[in-house]
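A look at the structure
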Amino acid sequence: MDLRQLVIDAWSWLNYKPVMADAGRPGSRAFPELAKTWMPPHELRRLAAYKVLASYDNNQAGQLADIGGDPGALERRELGDAANLVDTALGYLLGSEQKVAVEGAENADEETPTPGAAEAAAVQKRLREWADKELLTFRVQQAERAAVLLGDSVMVLAWNPEKQRPTLRVYDPGFFFPQWDDEDDDFPVRVHLAWELPADDDAGLKARVRRVTYELGPISENGEQDGHVDDGAVGPRSYPWEPGRESNLTCYLTDAEWLVEDLKNGETLDRLPMSKASFRVRPDGTELDRLDLMIDFVPVVHIANTIPDGGEHWGRSVLARVLQALDELAATDSDSSAASATTGTPIIGLAGARLPVDRATGKPQELQVKAGAVWQLGETGRMDALDTSPQLAELRARVDHLLERIAANSRVTAAGLGTLDATEVPSGYALKLALGPLDGLIGMMRLAREHKYRILFKMVQRLYQAGRAEGWPAGETLPARLAWAPHTPTDRGAVLEEVVKAYGAGVLSLETAVSMLLEAGYPIKDASQEVARIRAKAEQEAAARMAEAAARRGSDEGHEESQEENDGLGAVGGTKAVGKEREPVATVG
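The text that follows walks through the structure, step by step, so that each part is easy to find. Remember, it's a predicted structure, so these values are computed and weren't measured experimentally.

Moving on: the overall build of the chain. A count of helical and extended segments in the chain gives 13 helices and 18 strands. Taken as a whole, the chain presents about 33500 Å² of accessible surface, with 51% of it coming from carbon and sulfur.

Here it is in structure tokens:
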């Protein structure tokens, strides 16, 4: 008698799937590519989980279940509920926009800027220019959709000597194979990006395995130096982001291919025979065999959708907790479709009917239920119709129940999915309470990414420094982060009223007030520039008021002088002022 294995790991929520039942070779029958000899055995469950999740995103879960032994799975209706849940969560995560923000840059335009504020503003400007050139918003969207759907995503940076800037690329997490010397390390010392290239008979190419390896190691003469820096250093070197401190650590890049037919059992990804490797060559002719990148970090950033459990490194998909509910929803949709067919075209039983006869065959013709059909019944004839409308109503109610369950358990909420009836919300406060789980979900997802994007921008700055790009002097890299817009609509009128009162009372600075308006969704492109414009306008208005006041004072003084002159002329020249009229003085003699 075989004993079933109970596996509890980061992908245990998929154990109910037949394709994941075999703990040793999960998904090998459904996904033949996972049965390759070069695949690391300990990575198979993760890779199989990615495949299963991708099938839900592409409405192919029924096909996957059919391979697992469910004969009726191919008839299951999949209407994009899984993809809708992923896209909705992704939209709330990203918000309306994302910006690169450097700490301290918002204080650069103050009357008395804080120390380092000008440098922070300059770095922020250069990073935003890099983000525009590298289509950062587009890359973030690519990476984050994979992270929300699969639980993980990978971004890779590389210095481009021709463009004179770091380039950013997004990779499928199924190509990502990190290796830790110690499981307690925060970052792996070696990272493989590997995938299989199919055979191309027209080009005469056989099936190959391509592996790109980034590895930290001591500086040695065996490593060739990258072309963007040429200081001829062998041994300890001083990196521009840590001047005055020597390091014996560097990152090596190896990009090679192996023929699949040359690989034997046991020669897994981390044990591929280097003697059979074919190394790739850069356009400048440099062979990518332990190429010294002249940096002391691995330029690969792994983004997890959730905060990993202790001892784990992988995130969890937004679909993880509701995958079985999505299966139930697809099955109920299929049943509802079948019930609606019998409701619209019911099953009818006839007794005592005269069936028309086919003249060619002499056999009774099959009756069809359609508009305008006339059936002749005898004196004792009877027609009975099967009414399935109560069952259809029950199935539709069950669909609504499942959608509510999915919304609640995924924490996206019915209000977040847009299925909440607006008439059921008595007030804005009630809506805020309804969106509470969604706020917690997005807060947790953004927290899981906060540190990773800080690392990404630190790497960008250091690659600029290592490439000796213009405008990037040596020195410590400044902390930068990815600033997200609010994920839900805010009451902009209430925020504006609060800001006006608080700033008018002097309990908020102008910078904080503008930041609050920016977070509320007001069309402010740059907080520091907006502060500068507000102050410039205030200074202009103050100068205009001072000029008007000075003009009024000058006019009043001129009027007083005129009055004094008139009074003097009346005493000497024989006239006197009486009100607004002047009367002649009587002469004597």
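Bringing the environment of Glu97 into the picture now. Summarising the element assignment, Glu97 is placed in the loop between α3 (81-94) and β1 (98-102). For Glu97, a relative accessible area of 34% corresponds to the partly exposed category. Discounting residues that sit within four places of it in the chain, Glu97 has contacts with Ala483, Trp484 and Ala485.

Among the nonpolar cores identified, the biggest contains 114 residues, and Trp130, Leu136, Tyr214, Leu319 and Tyr453 are the most heavily contacted of them. Considering every element that reaches this core, the biggest residue donor is helix α10 (residues 436-466), with 13 residues. Residues Ala513, Ala520, Ile524 and Val531 belong to the second largest nonpolar core, which totals 10 residues.

Applying the stated rule across the entire model yields 26 salt bridges. With a shortest N-O distance of 2.9 Å, Glu261 and Lys206 are connected by a salt bridge. Of this pair, Glu261 sits in the loop between β10 (249-259) and β11 (278-279) while Lys206 sits in the loop between β5 (190-197) and β6 (208-218); the two residues are 55 residues apart in sequence, bridging distant segments of the chain. For Lys206, a relative accessible area of 45% gives the class partly exposed. Two residues, Arg454 and Glu450, come together in a salt bridge whose shortest N-O distance is 3.1 Å. With Arg454 and Glu450 both in helix α10 and four residues apart, the pair spans about one turn of that helix. Exposure remark for Arg454: the relative accessible area of 26% places this residue in the partly exposed category.

On to the sheet that holds strand β13 (residues 300-304). Read from one edge of the open sheet, three strands run β3-β2-β13, paired in antiparallel fashion. In the strand order of this sheet, the two ends are held by β3 (165-171) and β13, each with one partner. Sheet twist, expressed as the mean angle between neighbouring strand axes with direction ignored, is 25°. One ladder, built from five bridges, connects strand β2 (residues 152-160) with β13; its direction is antiparallel. Counterpart to Val154 in the pairing with β13 is His302.

A separate point is the side chain of Asp152. When you line up the elements, Asp152 lands in strand β2. Comment: no salt bridge for buried Asp152; closest opposite-charge side chain is Arg46, at 5.6 Å. Here Tyr50 takes part through its side chain, which lies 2.7 Å from a polar atom of the side chain of Asp152. In this structure the side chain of Asp152 is engaged in a polar contact, spanning 2.9 Å, whose partner is the side chain of His302. When sequence neighbours within four positions are dropped, the list of residues in contact with Asp152 reads Tyr50, Ala146, Ala147, Pro173, His302, Ile303, Ala304, His313, Trp314 and Gly315.

With that out of the way, let us pick up unusual backbone geometry. At Arg411, a position not held by glycine, the phi torsion is positive, near 70°. Along the chain, the position of Arg411 falls in the loop between α7 (389-410) and α8 (414-417). The residue Thr413 is not glycine, and still its phi comes out positive at about 70°. Overall, the relative accessible area of 7% leaves Thr413 in the buried class.

Moving on, we come to the pairing of β10. The element β10 is largely enclosed, with a buried count of nine among its 11 residues. Looking at chain direction, β10 and strand β12 (residues 291-292) are connected through two bridges and run antiparallel. Bridging across to β12, Leu253 finds its partner in Leu291.

So, about the environment of Leu367. Tracing the chain through its elements places Leu367 in the loop between β14 (348-353) and β15 (377-385). Overall, the relative accessible area of 27% leaves Leu367 in the partly exposed class. Residues Leu367 and Pro356, 11 residues apart in the sequence, show an inter-C-alpha distance of 8.4 Å. Excluding anything up to four places from it in sequence, Leu367 contacts Leu350, Leu355, Pro356 and Trp375.

Once that is clear, we can look at the packing of helix α11 (residues 492-504) against helix α12 (residues 510-519). Across the interface, α11 lies against α12 with an axial gap of 10 Å and an inter-helix angle of 175°. Comparing the axis directions of α11 and α12 gives the class roughly antiparallel. Contacts from Val495, Leu496, Glu498, Val499 and Tyr503 of α11 reach α12 at Leu510, Ala513, Met516 and Leu517. Looking at the contact of α11 with α12 residue by residue, the classes come out as eight nonpolar, no polar and one charged.

This brings us to the packing of aromatic side chains. All told, the structure shown has eight aromatic pairs when counted by the stated rule. Taking the centre distance of 5.1 Å and the plane angle of 10° together, the rings of Tyr239 and Trp241 count as stacked. By the burial criterion, Tyr239 is buried, and Trp241 matches it. With a centroid separation of 5.9 Å and 80° between ring planes, the pair formed by Tyr453 and Trp484 is classed as edge-to-face. With a gap of 31 residues between them, Tyr453 in helix α10 and Trp484 in strand β16 (residues 480-484) connect regions that are remote in the sequence. The exposure class assigned to Tyr453 is buried, which follows from its relative accessible area of 2%. Note on Trp484: relative accessible area 17%, which makes it buried. Members of the aromatic cluster, joined through ring pairs, are Trp159, Tyr464 and Trp472.

A separate point is the pairing of β16. Within β16, four of the five residues are buried, leaving the element largely enclosed by the surrounding structure. Pairing of β1 with β16, which is carried by five bridges, proceeds in the antiparallel orientation. If you follow Lys99 over to β16, its bridge partner there is Ala483.

Attention shifts here to a negative patch on the surface. A grouping of Asp400, Glu404, Asp421 and Glu424 is seen on the molecular surface, where their side chains present a negatively charged patch. Checked against the element boundaries, Asp400 lands in helix α7. Classification of Asp400 by relative accessible area gives partly exposed; the value is 44%.

Basis of the calculations
- Residues numbered from 1 in each chain as written.
- Predicted model: local features only at pLDDT ≥ 70, side-chain atom pairs only at ≥ 80, totals over all residues.
- Heavy atoms only, no water.
- Helix = DSSP H or I, 4+ residues; strand = E, 2+ residues; numbered from the N terminus.
- Areas by Shrake-Rupley, 256 points an atom, 1.4 Å probe, with all protein chains shown as cover.
- Buried < 20%, exposed > 50% of the residue type's maximum accessible area, 1.4 Å probe, protein only.
- Contact = heavy atoms within 4.5 Å.
- Core = buried A, V, L, I, M, F, W, Y, C linked by side-chain atoms within 4.5 Å.
- Salt bridge = Lys/Arg side-chain N within 4 Å of Asp/Glu carboxyl O.
- Pairing = 2+ DSSP bridges.
- Axes fitted to C-alpha atoms, helices over the stretch in contact; angles between N-to-C directions.
- Lys, Arg positive; Asp, Glu negative; His and termini not counted.
- Polar contact = N/O pair within 3.5 Å; in protein donor to acceptor, adjacent residues only side chain to side chain.
- Parallel < 35°, antiparallel > 145°, perpendicular 65-115°, else oblique.
- Nonpolar A, V, L, I, M, F, W, Y, C, P; charged D, E, K, R; others polar.
- Phe/Tyr/Trp six-rings, centres within 6.5 Å; stacked < 30°, edge-to-face > 60°.
- Patch = residues over 30% accessible without salt bridge, like charges linked within 9 Å, V, L, I, M, F, W, Y side chains within 5 Å.
- Charge placed at Lys NZ, Arg CZ, Asp CG, Glu CD.

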